[in-house]
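Read off the chains here:
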Amino acid sequence: MAFTLPPLPYAYNALEPHIDEQTMKIHHDKHHQGYVDNLNKAIAGTDNENKTLEELLANAGKLPAGVRNNAGGHWNHSFFWEILSANGGAPSGSLADAIQSAFGSLDELKAKFNAAGASRFGSGWAWLIVKDGKLEVTSTPNQDNPLMDVAETKGTPIFGADVWEHAYYLKYQNKRGDYLSAIWNIINWKKVQENFDKAK
Ligand code: MN3
């Protein structure tokens, strides 16, 4: 069964001015499409053709690099589009409580998350995960993620930020920190809460 590119759940310009239209267009239509196409090519005619994306991630350490990287790229981007929104709101209820208890405040979570993203050398992702029922910030290189058997810190992602240069370079150039700060204006907290409820 071939994997397919999910449509962006909002317009390319919906996240302006925090993420610009051209970046969204290239990121979704070219980069994410590329991961989908290359994943399909890499699994064609092999046993991996019959596995789910989650099964591939759980066994990433045993997979050829082309399958691991593109399976991660497909999962990470499908997840990323969903946790962004023009009308993000703020965390509330059980999620707000969990943030308070794990980090002390939303500002502390932001600081920790942004530091994880800023200090990830080269390309990768920063993550907010549920691990053993508690929230934790982590990061992964390349297109790895915390669902992979190879992840240093494993857990269930409920929010994440792509820190590859292709995610921000047109607007922010070398200022990855400015991009990470801006992301907090466009978080779909309703979706993050759903992810949190499922992960617990
Ligand atoms: Mn990307």
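A. Local environment of the coordination of the manganese ion. Coordination of the manganese ion by the protein involves His27 (NE2), His77 (NE2), Asp162 (OD) and His166 (NE2), with metal-donor separations of 1.9 to 2.1 Å. In terms of primary sequence, the donors binding the manganese ion are separated according to H-x49-H-x84-D-x3-H. Of the two residues, His27 is situated in helix 1 (residues 21-43) and His77 in helix 3 (residues 65-82); the sequence distance between them amounts to 50 residues. With relative accessibility at 1%, the residue His27 sits in the buried group. His77 sits in the buried class, given a relative accessible area of 0%.

B. A look at the side chain of His32. On the secondary structure map, His32 appears in helix 1. Its relative accessible area of 0% is what places His32 among the buried residues. Reaching out from His32, the side chain makes a polar contact with the side chain of His74 at a distance of 2.9 Å. Setting aside its immediate chain neighbours within four residues, His32 contacts Leu5, Pro6, His27, Gly73, His74, His77, Ser78 and Trp81.

C. Here's a closer look at helix 8 (residues 189-199). Among all positions of helix 8, only Trp189, Val192, Gln193, Asn195, Phe196 and Ala199 are buried. The buried residues of helix 8 occupy one face: seen down the axis, they fall within an arc of 160°. Opposite the buried face of helix 8, at more than 90 degrees from it, the exposed residues are Lys190 and Lys198.

D. Looking closely at the environment of Val163. Among the structural elements, Val163 can be located in the loop between strand 3 (156-162) and helix 6 (169-172). With relative accessibility at 0%, the residue Val163 sits in the buried group. Put simply, Val163 and Ala118 are 45 residues apart on the chain and 7.9 Å apart in space, counted from C-alpha to C-alpha. Not counting the four nearest positions on each side in its chain, Val163 is found in contact with Gly117, Arg120, Gly122, Gly124, Trp125, Tyr168, Arg176 and Leu180.

E. Just the nonpolar core, in detail. In this structure, Leu84, Phe113, Leu135, Ile158, Phe159 and Tyr179 are the most contacted members of the largest nonpolar core, which totals 56 residues. Those residues in contact with Phe159, other than ones at most four positions away along the chain, are Phe79, Ile83, Phe113, Ala126, Trp127, Leu128, Ile183, Trp184, Ile187 and Val192.

F. Just helix 1, in detail. An ideal rise of 1.5 Å per residue puts 33 Å on 23 residues; helix 1 measures up with 32 Å between its terminal C-alpha atoms. At His27, helix 1 is bent by approximately 30°, the largest bend along its length. Within helix 1 the residues assigned to the buried category are Thr23, Met24, His27, His28, His32, Tyr35, Val36, Leu39, Asn40 and Ile43. Where the residues of helix 1 are buried, they touch helix 2 (53-58), helix 3, strand 3 and helix 6. Just past helix 1, the residue Gly45 takes up positive phi, approximately 75°.

G. Representation of the sheet that holds strand 1 (residues 124-131) within the structure. Across the sheet, three strands lie side by side as 2-1-3; this open sheet has antiparallel pairing. Strand pairing shows two members of the sheet lacking a second neighbour, strand 2 (134-141) and strand 3, which therefore form its edges. Between one strand axis and the next, the sheet turns through 25° on average, direction left out of account. As paired strands, strand 1 and strand 2 are joined by eight bridges and run antiparallel to one another. By the bridge assignment for strand 2, Ala126 is matched with Ser139. The strands touched by helix 4 (residues 93-103) are strand 1, strand 2 and strand 3; relative to strand 2, the strand with the most contacts, the crossing angle is about 75°.

H. Broad picture of the pattern of salt bridges. Tallied over the entire structure, the rule returns two salt bridges. Linking Arg68 and Asp144 is a salt bridge whose minimum nitrogen-to-oxygen distance equals 2.8 Å. You can see Arg68 sitting in helix 3 and its partner Asp144 sitting in the loop between strand 2 and strand 3, a full 76 residues away along the chain. For the salt bridge of Glu194 with Lys191, the shortest nitrogen-to-oxygen distance reads 3.6 Å.

About the criteria used
- Residues numbered from 1 in each chain as written.
- Predicted model: local features only at pLDDT ≥ 70, side-chain atom pairs only at ≥ 80, totals over all residues.
- Heavy atoms only, no water.
- Donors = N, O, S within 2.8 Å, 3.2 Å for Na, K, Ca; no water.
- Helix = DSSP H or I, 4+ residues; strand = E, 2+ residues; numbered from the N terminus.
- Buried < 20%, exposed > 50% of the residue type's maximum accessible area, 1.4 Å probe, protein only.
- Polar contact = N/O pair within 3.5 Å; in protein donor to acceptor, adjacent residues only side chain to side chain.
- Contact = heavy atoms within 4.5 Å.
- Arc of directions from axis to C-beta.
- Core = buried A, V, L, I, M, F, W, Y, C linked by side-chain atoms within 4.5 Å.
- Expected span 1.5 Å × (residues − 1).
- Bend = angle between axes of the 7 residues up to and from the residue.
- Pairing = 2+ DSSP bridges.
- Axes fitted to C-alpha atoms, helices over the stretch in contact; angles between N-to-C directions.
- Salt bridge = Lys/Arg side-chain N within 4 Å of Asp/Glu carboxyl O.

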